[in-house]
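Coordinates in review
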Amino acid sequence: MKLVYVEDCFCGKTIRVLSKLVNVKLEEEIIPRETMFSKEVKSKYPKLPALILPGDHIIFDTPVILRHLARNTPYYKGNDELSLIDSWMELYKSEVFDKAYMTVIMPILGHSPYTNRSYNEGLAAFKSQLSRFDKVGEFLVGNSLSIADIWAVAVLHLPFALIMDDGLKKNFAKLTAWFTKVANEPAFVEEFGLPRFCKVTLKPVLPPTEAAEEKKEGKEKKGGKDKKEKKEKKEDEKKDEKEEEGDDDAPKKKPPCPLDILPPSPFDIDEFKREFLANKTVETKRKYLQTTFWNKFDPNGWALWYSDYIKAEGEGEVLFKTSNLLGGFLCRIETMGRYGFGILAIFGDCLLYTSPSPRDLSTSRMPSSA
């Protein structure tokens, strides 16, 4: 059997955890994140992760793959227990994976747009389910680990790291104790690392979409056509006033960026980006930097920088505030994206994200003459 999954995706890691527990060796095909939505991948695997069975039969969806691998093992057996296991797996899939991840987790990581309303409603919906999740003993079903525990703990890894603040962990102590125990199982730690716990609920790095602010229910609809006409009238009046003021008050043309007038360099930064990102693994990226990059790099036109920000007193004490400041900084150096390529990261009491997000990955390169 061959497992096909997206690199660093927790779904693939979850299946790998079970395969180790049941001693099933799987061939693997890891799909790079940058090609996961390509036509070639979609034509072969409409949905990921996928498990290719003998005879080239394919099954999709993580819970389905877990059930298949755990069949006739201690992790998925018993008539009554099977129904309970399926119920818990469906609950965590529908209420956490399908809902909370899209409305709360992805916006926090900066992976998807959101509105204030959708984020707040998603967060409230997740918290409302915690009382159901807290009805747990040592394990979800029976007296031993099952695929219900494996799936649920995998799904809760990011909520505990991003949403479950100290107050929620205290109020739902049973849930926290169960999660901590299962998440520290050797097979889990090998794939996911040690569990991380946030002290406060993190906020999304990026601002809500413009559509969110425009969709304030009822306010614009009540005004209807009159409001639109008034707005257009005001805009016309302002336009007329600007025309009467003459050319003296016309906005001055921005001076060219000093980096645009630097002498040309044989080192093509865009070509470097494409070649570097085309390498699919850490090993091939490292090999590319050690060989090809240094042969092409132009030290007279470009420079390599390593900067360490020294905190002032009182700075960097609250993680989500520090993350928001970093996100704002990245938005303000948009021009530098044409001249740099690098990483900005927060070290110390910081979450280890499973994939790059606007919190830790940014273009930030600079020519040597800057």
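Report on the accompanying structure. Sequence order sets the numbering: in each chain, residues are counted from 1 along the sequence as written. It should be noted that, the model being predicted, local features are given only for residues of pLDDT at least 70 and side-chain atom pairs only at 80 or more, the latter also being counted only at that level, while totals for whole chains, interfaces and linings use all residues. Water and hydrogen atoms play no part in the side-chain values, which are based on all heavy atoms of the structure.

**Details of the overall build of the protein**
Just so we agree on the cut-off: Comment: elements are numbered from the N terminus, with helices defined as DSSP H or I runs of at least four residues and strands as E runs of at least two. For every residue, the accessible area (1.4 Å probe, protein chains only) is compared with the maximum for its type, and the residue is labelled buried under 20%, exposed over 50%, or partly exposed between those bounds. Should any heavy atoms of two residues lie within 4.5 Å, those residues are counted as being in contact. Here the accessible surface of atoms and residues is derived via Shrake-Rupley with a 1.4 Å probe, and residues count as covered only by protein chains that are part of the display.
Counting its regular elements, the protein contains 14 helices and 4 strands. By residue count, 38% of the 370 residues in the protein fall in the buried class. Contacts in the protein between residues at least 24 apart in sequence constitute 73% of all its contacts with a sequence separation of at least 6. Accessible area for the protein stands at about 23300 Å²; split by element, carbon and sulfur atoms hold 54% of it.

**Description of the packing of aromatic side chains**
For any pair of aromatic rings, the description consists of the separation of the ring centres together with the inter-plane angle of the planes. Definition in use: Pairing of aromatic rings covers Phe, Tyr and Trp, the last counted by its six-membered ring, and requires centre-to-centre distances within 6.5 Å; plane angles under 30 degrees mean stacked, over 60 mean edge-to-face, and any other angle means tilted. Remark: a charge is flagged as sitting over a ring if the NZ atom of Lys or the CZ atom of Arg is within 6 Å of the ring centre and within 35 degrees of the ring normal.
This model, assessed by the stated rule, comprises 21 aromatic pairs. One aromatic cluster in this structure is built from F267, F272, F276, Y288, F293, W294, F297 and W302. The ring of F192 carries K13 above its face, with NZ or CZ at 5.9 Å from the centroid. Of note, K285 hangs over the ring of F276, and the distance from its end group to the ring centre comes to 5.9 Å.

**Quick word on the sheet that holds strand β1 (residues 2-6)**
Selection criterion: Here, any two strands with at least 2 DSSP bridges between them count as paired. Between N-to-C directions, angles span 0 to 180 degrees; the directions come from axes that are lines fitted to C-alpha atoms, helices contributing only their stretch in contact.
Strand order in this open sheet of 4 strands is β2-β1-β3-β4, and the pairing throughout is mixed. Taken across any chain shown, the strands that pair with only one partner, and hence form the sheet edges, are β2 (27-31) and β4 (57-60). Neighbour-to-neighbour, the strand axes of this sheet turn through a mean angle of 20°, independent of strand direction. Note that β1 and β2 share 5 bridges and pair parallel. Pairing of V6 across the sheet is with I31, part of β2. Lying on the sheet, helix α1 (residues 10-21) is in contact with β1 and β2; it crosses β1 at an angle near 150°. Against the sheet, helix α3 (residues 62-70) makes contact with β3 (50-53) and β4, and its axis sits at roughly 120° relative to β4, the strand it touches most.

**Points about the nonpolar core**
Formally: Buried residues of nine kinds, namely Ala, Val, Leu, Ile, Met, Phe, Trp, Tyr and Cys, make up a nonpolar core once their side-chain atoms join them within 4.5 Å.
In terms of nonpolar packing, the biggest core is built from 71 residues, with L18, Y92, L140, L162, L175 and W178 touching the most fellow members. Excluding residues that lie within four positions of it along the chain, W178 makes contacts with Y92, V136, G137, E138, F139, L140, D149, A152, V153 and L156. Formed by 10 residues, the second largest nonpolar core is a distinct cluster that contains L259, F267, Y288 and W302.

**A few points about the pairing of β3**
Where burial is concerned, the two faces of β3 agree: the one with A50 and I52 and the one with L51 and L53 are both buried. Bridge count for β1 against β3 is 3 bridges, and the pairing is antiparallel. Directly across from V4, in β3, lies its bridge partner A50. Note: β3 against β4, 4 bridges, orientation antiparallel. Bridging from a neighbouring strand, I52 pairs with I58 of β4.

**Observations regarding the state of the cysteines**
We count it as follows: Any pair of cysteine sulfurs within 2.5 Å is marked as a disulfide.
A full pass over the atoms with the stated rule returns 0 disulfides. Free of any disulfide, C9 has its nearest neighbouring cysteine sulfur in C11, separated by 4.0 Å. Owing to a relative accessible area of 5%, C11 belongs among the buried residues under this scheme.

**As for the pattern of salt bridges**
Rule in force here: Salt bridges are identified by distance alone: a Lys or Arg side-chain nitrogen within 4 Å of an Asp or Glu carboxyl oxygen.
Counted under the stated rule, the structure contains 14 salt bridges. Note that K169 and D166 form a salt bridge whose closest N and O atoms lie 3.3 Å from each other. Here K169 and its partner D166 are both found in helix α7 (residues 166-171), 3 residues apart, which amounts to about one turn of the helix. The exposure class assigned to K169 is buried, which follows from its relative accessible area of 13%. Counted as one network, the salt bridges with shared partners bring together R16, K20, E28, E190 and E191.

**Looking at the side chain of S19**
Looking at the element boundaries, S19 is found in helix α1. We classify S19 as buried; its relative accessible area is 9%. Setting aside chain neighbours within four positions, we find S19 in contact with V24 and L26.

**Details of unusual backbone geometry**
The peptide bond linking L48 to P49 adopts the cis configuration, its omega dihedral lying at 5°. Locating P49 in the fold gives a position in the loop between α2 (39-44) and β3. At N23, a residue that is not glycine, the phi angle is positive and equals roughly 60°. Counting through the fold element by element, N23 comes out in the loop between α1 and β2. Residue class for N23 comes out exposed when judged on its relative accessible area of 69%. Positioned with a positive phi, D61 is a non-glycine residue whose angle comes to about 80°. Here D61 falls in the buried class, since its relative accessible area comes to 19%.

**Some points on the side chain of T176**
In this fold, T176 is placed in helix α8 (residues 173-183). Those residues in contact with T176, other than ones at most four positions away along the chain, are F160 and K169.

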